[in-house]
Amino acid sequence: MKPFTTLTAVAAPFDMANIDTDRIIPVRFLRKLRNDKAGYDPYLFHDMRFDGAGKEKPDFVLNQPAWRQAGILVAGANFGCGSSREGAVYALLDYGIRAVIAPSFGDIHYANELQNGMLPAILPEEICRGLREQLQAEPGATLAIDLPAQTVTDTIGEAHPFMIDPVYKERLLKGLDDIGLVLERLPAIESFENRYHADKPWLA
């Protein structure tokens, strides 16, 4: 998993609340194979980005030139509610989005973002609204996220602090998922196994 320390990227004002995971990636696309050559990025917000003929909807934020390369979304409340599909996070990552800033998240989606190296940063509703207004006034502007300092710096240089569980913070900084956490303790695990089997050879 790629570590997350700091990120300065184009931020898209995603001015919608209660975006569920089926809107992030419709369930019919989860049958598609995801690998290094074929990611889930074409399916991100598919039914919002494209019409029935597969043509881009020009009014959708990520179809507009200033925000096509967005690496950060600033969304409304309850982002990622609904079903627990991890494919929603894969679609965001494959598109190039490493962080979502919102007033709140669906609990499981929040955990899935952290598990896959994304940062879900929670800021108050009025701060998120202000960020979106700044981004709409200056299309293509960047935001800066500093995970060690736990701040989001807006387009005029004001830093807004956010909270994150220290355990999740450390995992993001080190780029550790659940498997990575176990492998960090591999020498101790192997040492225990060797002692255990030496004491109880009949179990080998």
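Residues numbered from 1 in each chain as written. Predicted model: local features only at pLDDT ≥ 70, side-chain atom pairs only at ≥ 80, totals over all residues. Heavy atoms only, no water.

### Observations regarding helix α5 (residues 125–137)
How we decide: Per the convention used, a helix needs a DSSP run of H or I reaching at least four residues, while a strand needs a run of E reaching at least two, with both numbered from the N terminus. Multiplying 1.5 Å by the helix residue count minus one yields the expected span of that helix. For every residue, the accessible area obtained with a 1.4 Å probe (protein chains only) is divided by the maximum for its type, and the residue is called buried under 20%, exposed over 50%, and partly exposed between those limits. This arc is taken over the directions from the axis of the helix to the C-beta atoms. The contact criterion used is simple: two residues touch if any of their non-hydrogen atoms lie within 4.5 Å.
Helix length check: α5, at 13 residues, gives a terminal C-alpha distance of 18 Å against a target of 18 Å (1.5 Å per residue), a fit within 8%. Taken together, the buried positions of α5 are Cys128, Leu131, Arg132, Gln134 and Leu135. One side of α5 holds all its buried residues, which, seen down the axis, span an arc of 160 degrees. Along α5, exposed side chains directed more than 90 degrees from the buried face belong to Glu126 and Ala137. Buried residues along α5 sit against β1 (6–13), β2 (72–74), β3 (99–102), β5 (142–146), β6 (151–153) and β7 (159–161).

### Considerations on the pairing of β5
On a regular strand, each side chain points to the face opposite its neighbour's, so the side chains alternate between the two faces of the sheet. Convention followed: Pairing between strands is defined by DSSP: at least two bridges between the two strands are required.
The alternating pattern of β5 places Leu143 and Ile145 on a buried face and Thr142, Ala144 and Asp146 on a face that is not buried. With 5 bridges joining them, β1 and β5 adopt antiparallel strand pairing. Among the inter-strand pairings, threonine 6 is bridged to a residue of β5, identified as aspartate 146. In this sheet, β6 lies alongside β5 in antiparallel orientation, the contact comprising 3 bridges.

### Description of the packing of aromatic side chains
Here is the rule we go by: Only rings of Phe, Tyr and Trp enter the pairing, Trp through its six-membered ring, and a pair is recorded when the two centres are within 6.5 Å. The plane angle decides the type: under 30 degrees is stacked, over 60 is edge-to-face, the rest tilted.
All told, the structure shown has 8 aromatic pairs when counted by the stated rule. Ring centres 6.4 Å apart and planes at 50 degrees place the aromatic pair tyrosine 40 and tyrosine 90 in the tilted group. Remark: tyrosine 90 occurs in helix α3 (residues 87–95) and tyrosine 40 occurs in the loop between α1 (21–24) and α2 (46–49); sequence separation between them is 50 residues. Judged by its relative accessible area of 6%, tyrosine 40 falls in the buried class. We classify tyrosine 90 as partly exposed; its relative accessible area is 22%.

### A short note on the packing of α3 against helix α4 (residues 107–115)
Rules: Every axis in this analysis is a line fitted to C-alpha atoms, fitted for helices over the stretch in contact. Angles between the N-to-C directions lie between 0 and 180 degrees. For this classification, under 35 degrees means roughly parallel, over 145 means roughly antiparallel, 65 to 115 means roughly perpendicular, and everything else is oblique. When the near helix sits turned anticlockwise from the far one by under a right angle, the crossing is termed left-handed; a clockwise turn instead gives a right-handed crossing. Three classes are used: nonpolar for Ala, Val, Leu, Ile, Met, Phe, Trp, Tyr, Cys and Pro, charged for Asp, Glu, Lys and Arg, and polar for all others, with Gly counted as polar.
Relative to each other, α3 and α4 sit at 50 degrees, their axes nearing to 9 Å. Comparing the axis directions of α3 and α4 gives the class oblique. When the axes of α3 and α4 are compared, the crossing they make is right-handed. Across from Ala88, Val89 and Leu92 in α3, the residues of α4 making contact are His109, Asn112 and Glu113. Tallied by class, residues from the contact of α3 with α4 come to 3 nonpolar, 2 polar and 1 charged.

### Comments concerning the nonpolar core
The criterion, for reference: Here, nonpolar core means buried Ala, Val, Leu, Ile, Met, Phe, Trp, Tyr and Cys residues that are tied together by side-chain atoms lying within 4.5 Å of each other.
Phe14, Phe45, Leu62, Leu73, Phe79, Ile101 and Leu119 are the most contacted members of the largest nonpolar core, which totals 54 residues. Of all the secondary-structure elements, those providing two or more residues to this core are β1, β2, α3, β3, α4, β4 (119–122), α5 and β5. Excluding residues that lie within four positions of it along the chain, leucine 119 makes contacts with Phe4, Arg98, Ala99, Val100, Glu113, Ile145, Leu147, Phe162, Ile164 and Leu172.

### Some words on the pairing of β3
Heads up, the condition is: By convention, orient the strands away from the viewer: a clockwise path from the first strand over the helix to the second makes the crossover right-handed.
Across the two faces of β3 the burial is the same, with Ala99 and Ile101 and Val100 and Ala102 all buried. Where β2 meets β3, 3 bridges bridge the pair, whose relative direction is parallel. Across the sheet, isoleucine 72 pairs through a bridge with alanine 99, a residue of β3. In this fold, the crossover linking β2 to β3 by way of α3 has right-handed handedness. The sheet contact formed by β3 and β4 spans 4 bridges and is parallel. Note on β4: the bridge partner recorded for valine 100 is proline 120. As a crossover connection, the stretch from β3 through α4 into β4 is right-handed.

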